[in-house]
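Summary of the model geometry
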Protein chains: 4
Amino acid sequence: MATPQQPRRGDTRRRIQDVALELFAERGYEKTSLREIAEHLDVTKAALYYHFKTKEDILISITDDLARPVDELIAWAQSQPRTLATKQEVLRRYSDVLWGAAALFRFMQENQATVRELSIGESFRSKVSALNGLLTESESTLTAQVRSCTALFALHAGMFAMQGIEADPEEKRAAILEVALDLVAQAEAAVTA
Amino acid sequence: MATPQQPRRGDTRRRIQDVALELFAERGYEKTSLREIAEHLDVTKAALYYHFKTKEDILISITDDLARPVDELIAWAQSQPRTLATKQEVLRRYSDVLWGAAALFRFMQENQATVRELSIGESFRSKVSALNGLLTESESTLTAQVRSCTALFALHAGMFAMQGIEADPEEKRAAILEVALDLVAQAEAAVTA
Amino acid sequence: MATPQQPRRGDTRRRIQDVALELFAERGYEKTSLREIAEHLDVTKAALYYHFKTKEDILISITDDLARPVDELIAWAQSQPRTLATKQEVLRRYSDVLWGAAALFRFMQENQATVRELSIGESFRSKVSALNGLLTESESTLTAQVRSCTALFALHAGMFAMQGIEADPEEKRAAILEVALDLVAQAEAAVTA
Amino acid sequence: MATPQQPRRGDTRRRIQDVALELFAERGYEKTSLREIAEHLDVTKAALYYHFKTKEDILISITDDLARPVDELIAWAQSQPRTLATKQEVLRRYSDVLWGAAALFRFMQENQATVRELSIGESFRSKVSALNGLLTESESTLTAQVRSCTALFALHAGMFAMQGIEADPEEKRAAILEVALDLVAQAEAAVTA
DNA sequence: AATGAATGAGGATTCATTCAT
DNA sequence: CATGAATGAATCCTCATTCAT
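Procedures and definitions
- Residues numbered from 1 in each chain as written.
- Chains lettered and ligands numbered in written order.
- Predicted model: local features only at pLDDT ≥ 70, side-chain atom pairs only at ≥ 80, totals over all residues.
- Heavy atoms only, no water.
- Phe/Tyr/Trp six-rings, centres within 6.5 Å; stacked < 30°, edge-to-face > 60°.
- Helix = DSSP H or I, 4+ residues; strand = E, 2+ residues; numbered from the N terminus.
- Lys NZ or Arg CZ within 6 Å of the ring centre and 35° of its normal.
- Contact = heavy atoms within 4.5 Å.
- Buried area = accessible area lost by both parts, 1.4 Å probe.
- Salt bridge = Lys/Arg side-chain N within 4 Å of Asp/Glu carboxyl O.
- Polar contact = N/O pair within 3.5 Å; in protein donor to acceptor, adjacent residues only side chain to side chain.
- Nonpolar A, V, L, I, M, F, W, Y, C, P; charged D, E, K, R; others polar.
- Axes fitted to C-alpha atoms, helices over the stretch in contact; angles between N-to-C directions.
- Parallel < 35°, antiparallel > 145°, perpendicular 65-115°, else oblique.
- Left-handed = near helix turned anticlockwise from the far one by under 90°.
- Near = heavy atom within 4 Å.
- Least-squares fit on C-alpha atoms with pLDDT ≥ 70 in both.
- UniProt positions renumbered as here; feature names shortened; annotations may be inferred.

Here the structure, examined in full by the defined rule, presents 16 aromatic pairs over all chains. Geometrically, the ring pair formed by Phe24 of chain D and Phe107 of chain D is tilted, given 5.9 Å between the ring centres and 35° between the ring planes. Pair noted here: Phe24 of chain D is in helix α1 (residues 12-27) and Phe107 of chain D is in helix α6 (residues 102-110), with a separation of 83 residues, a long-range link. Taken together, the ring pairs connect Phe24, Tyr29 and Phe107 of chain A into an aromatic cluster. A cation sits over an aromatic face here: Arg93 of chain D above Trp76 of chain D, 3.9 Å from the ring centre. Here the basic side chain of Arg106 of chain D rests over the ring of Phe160 of chain D, its NZ or CZ set 5.5 Å away from the ring centre.

In this section: the interface of chain A and chain B. Across the boundary between the two partners, chain A contributes 37 residues, which contact 37 residues of chain B. Summed over both sides, the interface of chain A with chain B buries roughly 3300 Å², with 60% coming from carbon and sulfur. The salt bridge involving Glu117 of chain B is made with Lys31 of chain A; its shortest N-O contact spans 3.5 Å. Along the contact surface separating chain A from chain B lie 17 residue pairs in polar contact (both at pLDDT 80 or more). When contributions to the side of chain A that touches chain B are tallied by element, the ones reaching two or more residues are α1 (12-27), α7 (102-110), α8 (112-116), α10 (142-160) and α11 (169-192) of chain A. Looking at which element gives the most residues to the side of chain A that touches chain B, the answer is α10 of chain A, with ten residues. When its residues are assigned to classes, the side of chain A that touches chain B shows 16 nonpolar, eight polar and 13 charged.

Residues and elements named next belong to chain B. The geometry of helix α6 (residues 84-100) relative to helix α9 (residues 119-135) is characterised by a closest axis approach of 9 Å and an angle of 150° between their N-to-C directions. Taken together, α6 and α9 sit at an angle that is classed as roughly antiparallel. Read as a crossing pair, α6 and α9 show a hand that is left-handed. When α6 is examined against α9, the residues Lys87, Val90, Leu91 and Tyr94 are found in contact with a partner set consisting of Leu131, Leu134 and Leu135. Counted by class, the contact of α6 with α9 contains six nonpolar, no polar and one charged residues.

What follows covers the protein's contact with DNA strand F. Around DNA strand F sit 34 residues, and of these Thr44, Tyr50 and His51 of chain B, Tyr49 of chain C together with Thr44 of chain D come closest. In DNA strand F, atoms within 4 Å of the protein come 66% from sugar and phosphate. The separation between a base nitrogen of DNA strand F and a polar side-chain atom of Lys45 of chain C is 3.2 Å. Note that a phosphate oxygen of DNA strand F is positioned 3.5 Å from one of the side-chain N or O atoms of Thr12 of chain D. For the surface near DNA strand F, the elements supplying multiple residues, two or more each, are α2 (34-41) and α3 (45-51) of chain A, α3 (45-51) of chain B, α2 (34-41) and α3 (45-51) of chain C together with α3 (45-51) of chain D. Classifying every residue of the surface near DNA strand F by side-chain character gives 14 nonpolar, twelve polar and eight charged.

To go from the first copy of the chain to the second, apply a rotation about an axis and then a shift along the same axis. Least-squares fitting of chain C to chain D yields an RMSD of 0.1 Å, with the superposition described by an axial translation of 0.0 Å and a rotation of 180°. Accordingly, the operation relating the two chain copies is best matched by a two-fold axis.

The next point concerns the protein's contact with DNA strand E. The immediate surroundings of DNA strand E are formed by 34 residues, with Thr44 of chain A, Tyr49 of chain B together with Thr44, Tyr50 and His51 of chain C found nearest. Backbone atoms, meaning sugar plus phosphate, form 66% of the atoms of DNA strand E positioned within 4 Å of the protein. Ser33 of chain B is positioned such that a nitrogen or oxygen atom in its side chain is 3.1 Å from a phosphate oxygen of DNA strand E. One of the side-chain N or O atoms of Arg35 of chain D is found 2.8 Å from a phosphate oxygen in DNA strand E. Contributing elements (two or more residues each) for the surface near DNA strand E: α3 of chain A, α2 (34-41) and α3 of chain B, α3 of chain C together with α2 (34-41) and α3 of chain D. Among the residues making up the surface near DNA strand E, the classes are represented as 14 nonpolar, twelve polar and eight charged.

Looking now at the UniProt feature "domain: HTH tetR-type" (unreviewed entry) in chain A. On the UniProt side, "domain: HTH tetR-type" (unreviewed entry) is annotated at positions that read residues 10-70 of chain A here. With 75% helix and 0% strand, residues 10-70 of chain A has end C-alpha atoms that lie 28 Å from one another.

Put into structure tokens, the structure is as follows:
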């Protein structure tokens, strides 16, 4: 039965991703150097290059792994009827996805200027855009569209920006979701009315 | 008479601020080098240092100039009764402030990770926090609090993140404000009820 | 076989130290740029940073290596009786140490203003001070104390400042040592008398 | 009459020299920037250039003013018989000169590496050399020559390097002079014997 | 699977100096 | 008598990346 004490073998790749994401989210992409990442892992910079072609590649690999659920969510939603129930389920699931990979989404939100110039930028933007499209009916009121859109951003903002509100994290998350659900409901109401 | 060919003459300091903010907002703070700024202005890097002590100092000076209205708004709000009307007026004025210095606030939003490590980070955070405090009643429902908070972020997000919605900018801005106003109204209703 | 054409191979670190010390002693610490050092070695500036964290670090490493004998001398002297014989042996050995790392001590002497602001400054000062304490009896005449002190500085000055006197280096060194030995003898005599 | 309150007029040139010397002696020539000097005087860098052609020029002017006594001393000594009495008087007067312009000589001693590359370097070296020549008889013993030389350096070292010895400054200075006088006496004795 | 040694490009910053006003 | 504005050259240092071993 192996030596569990050992710093694991073979999973270096994942450890790099973990540390990199942590640092990227903490200090920003540009301000995080490969030297830092390597030092945190007690490895050489060159070791990183054995596992990844470039710095950007590390980020891409992280995104590939962690953002897949968003694609799955979009795919699922596209196969459903465009009802209020679906939209609300999208929000519920999106909330799960967001909290499941909080570090990555925090990173995306706090490094938008940087990410925009990276290859993942476009793909991320298009995902958010797709989600938005699923929630919004382009023929409805401008106000209704904004409401749907806001529902989405409420979830985003809720992850980190609402630290002013003190409450049990899970309760807070529930409250945020509630507000978001309500927003799409109102948006829908405007159309149906 | 009138303005001669070269627009330089004492206004270099302001020109630096303008170009810097433009580039910071466009490409991010870290990725914008002083060389770039200097080249855009057709000046030497050293000239920048005649006007500002450090790179960060350029940003600080911009913030000092452009974020003052936020402080004024906060001061005003603190002298008003904590009624729904006040809160809605805060949102209206904040919307004006935001659009009046769009580039700066866009920068702040898209470079959060960077800004957090800069001296302006804390001061910006505390301003948003103060505004939040003015909109939120800490003894009200969690949901109500989230709603107030969301009103604020709707304005923020509205500036750049809602590009999916195609409409006349002014109309869109009005719609966003309307949603925000509605959110605080709903929050207030919960308390009063 | 034997040493091939290129003498590089793991000894880069030492080569940097050698060239750096040479240039520091020749042109002064501030006036010696890392570019110069790199060029003398036919390496990139960045290579220096692979081996040393900072410019000051290069100097520190040199001092660590070359000033050790002084510490050993101090330690030895402290384990001996405070007799004239011991003091004279201290001077003899110090003379050896000084001439054994002439470039470093020349540097220290000719860059005092600079060194004072560097981390090695304090440690160097304290070494000289310790040596002085070993030669001087604080309860003896002021003149006697000055004489002991002068003995030490005669050795220092002798290394470079006495170029006016033309003579065989070794003979000159012997003469300087003789004068120094004589000075402590006179100092001691005053006490004993 | 007149306004003595005023920050003096016309003596700016001297004030620059004073501040410059103070800073040069304190932090070293290279590490003292013209900006620093200007700031200490509450003037613009450009103002310095009104009074002096270059940074080096400031130092030259200081040296010209303060080192003149050394030239006078040398001239006087050359007109005297080469007796022990003369040599001792040279030391006495040199001690006065040294303590009369302590900052300058401290600077010279602690910035030798820098000074060597400046135009004043050669002139300073030649003065010390001339003094040495006046104290030393080239046909005497090597040891005797070293003794004379050491007498001179004892005075130099005495100014700053003997801070380990605690005593009233004037008494210390007297003791140092005594040791120096004694050294040339011993040197002379060897020849006469 | 990883290291040791190095590079080239570029970063922010500082300096002595100039000159029109 | 002095300033305000600017420059060109240099500084130390950091970074992502490479490659032979």
